[in-house]
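# Structural overview for review
The chain contents come next:
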Amino acid sequence: MTSPGEPVPRVSGRLASASAAETCDVDLVVIGGGVNGTGVARDATLRGLRVALFERNDLAFGASGNSSGMIHGGPRYLSADPEVTYTSCKDSGHIQSIAPHLLFRIPFLLPVPQAKRRIFPLMDAFFEAYDRYQPLKRGKPHARLTGEELVQLEPGLRGELYGGITFDEWGIDGGRLCVANAVDAHEEGARLFVGSTVEAIEHEGGVVRAVRYRDRGTGVGGRITTPRVVNATGAWAPLTASLGQLPPVHARVRPGKGIHVVFDRRLSNYAIMSETIDGRTIFIEPWQNVSVIGTTDDDYYGDLDDVVATSEEVRYLVEGVARVFPAVREARIIGTFAGVRPTLYEYGKLEDALSREHAIVEHAATDGVTGLYSMLGGKLASYRLFAEEMVDLLMRDRLGRPGAPSTTHLRALPGGDRELDALRFARDHGIDAIAARRLVYRHGARAERIGERMKRRASEARTVCVCEPVLEAEVRHVVEHEFARTVDDVARRTRLGLGACGGMRCAARCGAIVAEGRGHAPEVAAMDSLRFLTQKARTRVCALGPIEARQEAIAIASLRSQAGIPTRSRLAVVGEWAAGNTAVVNAAVGNSAAAASVSVDERGAQDGG
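Residues numbered from 1 in each chain as written. Predicted model: local features only at pLDDT ≥ 70, side-chain atom pairs only at ≥ 80, totals over all residues. Heavy atoms only, no water.

Within the secondary structure, arginine 449 is located in helix H12 (residues 447–456). Between the C-alpha atom of arginine 449 and that of glutamate 474, which follows or precedes it by 25 residues, the distance is 9.5 Å. (Helix = DSSP H or I, 4+ residues; strand = E, 2+ residues; numbered from the N terminus.)

Have a look at this one:
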């Protein structure tokens, strides 16, 4: 853990920096804590570069944490972009080998109605072509089914079915994937600034010199010198480029909004493909202990920090799936989530037809600024390959030769080095088997570290979130070791509050644990919990009728009262915390340890704490 002005510890075996960069604080600054940014930070650190990673909000805050939750090969891209299908399948295989605990198989059913029976042989032939890519990701070959066999597999299917096709993909928690990359990079010497916004990218004489940043929680600013900056901010890429006084058009993307609808349980053991009223392909998938419908793909021009689903989008998806699987109309929706894809820019094409390829912009060529790069496009399934290409380029520019090869496809991510038996773990620690299974899924072999906490302090074996479930030891672990700073951050890492109760039974307790771990005042804990509950209510209300929406408002008001939230006049002051100013809040509530709290936050900003 280092402050901006302190030298970064050198890890044994690191490559020597070029002489011109020896006096810099770091060799590389990565902006963006999504899967591309954390992937680059990990790859570069493992190859010997001194790295600092900045994330304005939280790890996996954007598209990476709001995707369909699949490392899929992309059969939809096979016709127009076969290279995307190839790289996705290839990297899916690598991700399975380095993070086996995070992957789970999702079998798909593609129903074919009587009206399309004549093209059924063509669809069969198409998936025969896709089968050639399946071995890259340990996928099973497709199967051709009759209508009767299809309904036997999934009795909930309706309509005049001629037949169907099966294929499979792999599910993953995108948030956990980002966190694992970030944690590995940090443990290898990278510096993480989570919750810190970059305010300027400084360059002089056409060469990158430094970045200026400000911690959004404490308001404390800083400057870190570096000869190289990678803009990996996804849909925010044009805005980030402008921080270096560059034309945003030189890092242009076409943001595409995708929303998903979440149901309270698994409605089927298979993912089911369907079509919307305008002919787009959508699906419902069993994902861990819930079901998810996705996804839309629409041009987006709104606030990238506040992307939410609309009631029209929810109806569009539900009605599309209900054509073949009508049970969704009666099922309980517990939430929605939305993200914005950083799709490569093309004018005139429909959103569905845009390429899912990725590209690297060298701003030395486009803007005359050496050492500044932008990563555009890409997919969750091929993030590791994209990061490898980016670091290959950095190494060539730094050394004049390729340098050390990437090892990110060989080295396990934290927790992926060995298998842990969840049932034995449950027996050894006296916890519920489902809680143990969830813990092992999220943390792999590193669940043992959380188990050690419970052995040292038995009270930490208590369940905080019953729906998922999540234990107190895990909440404390992600606060101390995975850069979680709020209830929302904890939810992104553990799924706390994302189950059927929407956080109503656990947010207050989680807020108290987070506040205790970070040295914040009780009022801040209450406000943190309320903010989380309000945000989750916003994700649900677009899928509810007027009666249910009023009930949501009553429930939030009741919880606010139970939590002892201050009166409106005082709440206005405490509410400044919601904008990220914990220093102001500590002063407003008369916290005698305000100065100490700010000091802790200043130190924490350097390691993402």
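Core analysis: the biggest nonpolar cluster contains 41 residues, and Phe108, Ile172 and Leu177 have the highest contact counts within it. A per-element tally of this core places strand E4 (residues 104–113) first, with five residues. Residue contributions to this core reach at least three from each of two domains, namely domain 1 (14–63 + 176–252 + 355–399) and domain 2 (100–170 + 254–352). Setting aside residues no more than four positions away along its own chain, leucine 177 makes contact with Val35, Ile95, Leu102, Ile172, Leu380, Tyr383 and Leu413. Formed by 31 residues, the second largest nonpolar core is a distinct cluster that contains Leu157, Ala235, Leu317 and Ile333. (Core = buried A, V, L, I, M, F, W, Y, C linked by side-chain atoms within 4.5 Å. Buried < 20%, exposed > 50% of the residue type's maximum accessible area, 1.4 Å probe, protein only. Domains from an automatic or database assignment. Contact = heavy atoms within 4.5 Å.)

All right, on to the sheet that holds strand E2 (residues 51–55) then. The six strands lie next to each other as E7-E2-E1-E11-E19-E18, forming an open sheet whose pairing is mixed. Here the strands that pair on one side only, and so sit at the sheet edges, are strand E7 (191–194) and strand E18 (358–362). With strand direction ignored, the average angle separating the axes of adjacent strands in the sheet is 15 degrees. Pairing between strand E1 (residues 28–31) and E2: four bridges, direction parallel. The residue of E2 that forms the bridge with valine 29 is alanine 52. (Pairing = 2+ DSSP bridges. Axes fitted to C-alpha atoms, helices over the stretch in contact; angles between N-to-C directions.)

This next bit is on the packing of helix H10 (residues 422–429) against helix H11 (residues 433–443). The geometry of a pair of packed helices is captured by two quantities: the angle between their axes and the separation between those axes. Where H10 meets H11, the closest approach of the two axes is 8 Å, and the angle between their N-to-C directions is 120 degrees. By the angle between their axes, H10 is oblique relative to H11. Two packed elements cross with a definite hand, and for H10 against H11 that hand is right-handed. Here H10 contributes Ala422, Leu423, Phe425 and Ala426 to the contact with H11, which in turn contributes Ala433, Ala436, Arg437, Leu439 and Val440. In the contact of H10 with H11, the residues fall into eight nonpolar, no polar and one charged. (Parallel < 35°, antiparallel > 145°, perpendicular 65-115°, else oblique. Left-handed = near helix turned anticlockwise from the far one by under 90°. Nonpolar A, V, L, I, M, F, W, Y, C, P; charged D, E, K, R; others polar.)

A residue-level look at the chain finds 89% of positions with pLDDT of 70 or above and a mean pLDDT of 88. In the predicted structure, residues 1–19 sits below a pLDDT of 50 and forms 42 contacts with residues beyond four places in sequence or in another chain. This model gives residues 567–609 a pLDDT under 50, and the stretch forms 78 contacts once residues within four places in sequence are excluded. (pLDDT = per-residue confidence, 0-100.)

Take empty space enclosed by the protein next. For the structure shown, the criterion picks out one cavity of 30 Å³ or more. Around the largest cavity, the lining is made up of 10 residues, and of these Arg485, Val514, His520, Val524 and Asp528 lie nearest the centre. Going through the elements one at a time, helix H15 (507–518) and helix H16 (522–541) are the ones with two or more residues in the lining of the largest cavity. Residues that form the lining of the largest cavity fall into these classes: five nonpolar, two polar and three charged. (1 Å grid on protein atoms, 1.4 Å probe; cavity = no way out; pocket = protein on both sides within 12 Å on 5 of 7 lines; lining within 4 Å. Points joined across faces, edges and corners; volume = space filled by probe spheres on them.)

Bringing the sheet that holds strand E10 (residues 221–225) into the picture now. Here three strands make up an open sheet; going across it, the order is E8-E9-E10 and the pairing antiparallel. Strands at the two margins of the open sheet, each flanked by one partner only, are strand E8 (196–204) and E10. Direction aside, the axes of adjacent strands within the sheet are offset by 25 degrees on average. The pairing of E8 with strand E9 (residues 207–215) spans eight bridges and is classified as antiparallel. Bridge pairing in E9 links glutamate 202 to alanine 210.

As for its position among the elements, proline 227 is in the loop between E10 and strand E11 (229–231). Its relative accessible area of 17% is what places proline 227 among the buried residues.

Glancing now at the packing of aromatic side chains. Applying the stated rule across the entire model yields 13 aromatic pairs. On the numbers, 6.5 Å between centres and 50 degrees between planes, the contact of phenylalanine 61 with tryptophan 236 is tilted. Highlighted residues: phenylalanine 61 in the loop between E2 and strand E3 (70–71) and tryptophan 236 in the loop between E11 and helix H6 (237–242), separated in sequence by 175 residues. On the basis of relative accessible area, phenylalanine 61 is assigned to the partly exposed category, the value being 23%. Aromatic pair phenylalanine 127 and tyrosine 130: ring centres 6.3 Å apart, planes at 80 degrees, arrangement edge-to-face. Placement of the pair is phenylalanine 127 and tyrosine 130 together in helix H3 (residues 120–131), with a separation of three residues, close to one helical turn. Across this residue pair, the class does not change: phenylalanine 127 and tyrosine 130 are buried. Aromatic rings pair up to connect Phe108, Phe126, Phe127, Tyr130, Phe167 and Phe283 into one cluster. Positioned above the aromatic ring of tyrosine 345, the side-chain terminus of arginine 252 is 3.9 Å from the ring centre. (Phe/Tyr/Trp six-rings, centres within 6.5 Å; stacked < 30°, edge-to-face > 60°. Lys NZ or Arg CZ within 6 Å of the ring centre and 35° of its normal.)

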